[in-house]
Amino acid sequence: DYPTEVAAAARSMMDDGLAAIRISRIVAGLNDALTIRLIELAQADLGPAPCEFAWLSLGSAGRLEQNLLTDQDNALVYADCASDEEEDQARVYFGALAARVNDGLTRAGFPPCPGGFMATNWCLPLTSWVRELRNLIRAPAPDALVEAAVFLDFRVAHGTLDVTSMDDVLLSANGTPRFMVALSSTAGSFPPPLRSFGRVRTDGGYLDLKRYGLYALVILARIYAMECASPARATIDRLNDAAAHHVVGESTARELADVYEYLLQLRLRAQLHRIEAGDEPDNRICYDELTGLEQSRLRDCLRRLSTIQKATAARLSSP
């Protein structure tokens, strides 16, 4: 089946020495190809689209940073229609297209998104999407921002519709200090699990690298990209752009990139071990199974992330 084949490919690439961040990009490309094929099959039955559209990948898929544990995060945007009749036709057609593709992805091994961020729920004309993004940035709800942030990483995976107006909304986010502070606060909600003297706090010997490391780092890179109006989606690209525009120092960008790549490597290795043991992959690693050198490096990574996280929050909240 598809997930098994992808895991086998990831294992082969890792054994060949390929970095986890490159493997995640390749996995995202494979998932894109599957999605495009499902769209083509659906259109073979439904007929040609009544107007231009774009299938959007969200979250980690939008950043081309997918791992072996991923649900569906996608959406659909279609061109604005000239009349109510055309809008009704478009809504029916694209609703059917979204249902077929989301169902196909589910059958291929991608579970539905628990938060409902799927094209069957988020299938809107372009002007509605622009309005949704503007509302998210103008009036951020801290409780909802954790999940809604998946929209901030949207990427066109297939389709011909020009979504520049959506990009423009994201590029203007730096002009809304309230949103930037809220985003920074969201990152602060997931501090690295460090105890006194830099010791790592685990949950029964396990550490969730997504919740207590990767998530905060992704948000930091997103903040820096917005500050310099970077259109980049991938985390490393965002850090590089932020350093090039002097939003952060080159050393800070390198530190975060190093932390990100190391956490990805640890997570991918753990996920492959779980799959090969016949278990479901998750975002946790067993801390005690790391070598002394790996534990030391992980502690150092989490300390560096915590320091930069606090410095960013202080900078954004200062008048």
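Here the structure is shown first, and the text comes after it.
One structure accompanies this document, and this report is about it. (Residues numbered from 1 in each chain as written. Predicted model: local features only at pLDDT ≥ 70, side-chain atom pairs only at ≥ 80, totals over all residues. Heavy atoms only, no water.)

## Some details on the layout of surface pockets
Approximately 1,200 Å³ is the volume found for the largest pocket. For the largest pocket, the lining is made up of 45 residues, of which Ser60, Leu69, Thr70, Asp71 and Lys210 are closest to its centre. Contributing elements (two or more residues each) for the lining of the largest pocket: α1 (2–15), α2 (20–46), α3 (59–62), α6 (142–148), α9 (210–227) and α11 (250–276). Ranked by residues supplied to the lining of the largest pocket, first place goes to α9 with seven residues. In terms of residue class, the lining of the largest pocket is made up of 24 nonpolar, nine polar and twelve charged. (1 Å grid on protein atoms, 1.4 Å probe; cavity = no way out; pocket = protein on both sides within 12 Å on 5 of 7 lines; lining within 4 Å. Points joined across faces, edges and corners; volume = space filled by probe spheres on them. Helix = DSSP H or I, 4+ residues; strand = E, 2+ residues; numbered from the N terminus. Nonpolar A, V, L, I, M, F, W, Y, C, P; charged D, E, K, R; others polar.)

## Description of unusual backbone geometry
Here alanine 229, not a glycine, exhibits a phi torsion of approximately 55 degrees, which is positive. Inspection of the secondary structure assignment puts alanine 229 in the loop between α9 and α10 (235–244). Its relative accessible area of 38% is what places alanine 229 among the partly exposed residues. Of note in the backbone geometry, histidine 246 takes a positive phi value of approximately 65 degrees without being a glycine. Within the secondary structure, histidine 246 is located in the loop between α10 and α11. (Buried < 20%, exposed > 50% of the residue type's maximum accessible area, 1.4 Å probe, protein only.)

## Side note on the packing of aromatic side chains
Here the structure, examined in full by the defined rule, presents ten aromatic pairs. Their ring planes at 50 degrees and their centres at 5.4 Å tell us that phenylalanine 53 and phenylalanine 94 sit as a pair that is tilted. Remark: phenylalanine 94 occurs in helix α4 (residues 84–107) and phenylalanine 53 occurs in strand β1 (residues 53–57); sequence separation between them is 41 residues. Taking the centre distance of 4.8 Å and the plane angle of 70 degrees together, the rings of tryptophan 122 and phenylalanine 151 count as edge-to-face. Pair noted here: tryptophan 122 is in the loop between α4 and β3 (123–125) and phenylalanine 151 is in the loop between α6 and β4 (155–159), with a separation of 29 residues, a long-range link. Chaining the aromatic ring pairs together yields one cluster made of Phe53, Tyr78, Tyr93 and Phe94. Here the guanidinium or amino end of arginine 233 rests over the ring plane of phenylalanine 154, the centre of that ring lying 4.7 Å away. The lysine or arginine in question, arginine 284, covers the ring of tyrosine 206, its NZ or CZ lying 4.3 Å from the ring centre. (Phe/Tyr/Trp six-rings, centres within 6.5 Å; stacked < 30°, edge-to-face > 60°. Lys NZ or Arg CZ within 6 Å of the ring centre and 35° of its normal.)

## Brief notes about the packing of α10 against α11
Taken N-terminus to C-terminus, the directions of α10 and α11 make an angle of 170 degrees; their axes are 8 Å apart at the nearest point. Classified by the interaxial angle, the pair formed by α10 and α11 is roughly antiparallel. Together, Thr235, Ile236, Leu239 and Ala243 of α10 and Glu250, Ala253, Leu256, Ala257, Tyr260 and Glu261 of α11 make up the contact between the two elements. (Axes fitted to C-alpha atoms, helices over the stretch in contact; angles between N-to-C directions. Parallel < 35°, antiparallel > 145°, perpendicular 65-115°, else oblique. Contact = heavy atoms within 4.5 Å.)

## Some words on the environment of glutamate 86
On the secondary structure map, glutamate 86 appears in helix α4. Sequence separation between glutamate 86 and proline 50 is 36 residues; the distance between their C-alpha atoms is 8.2 Å.

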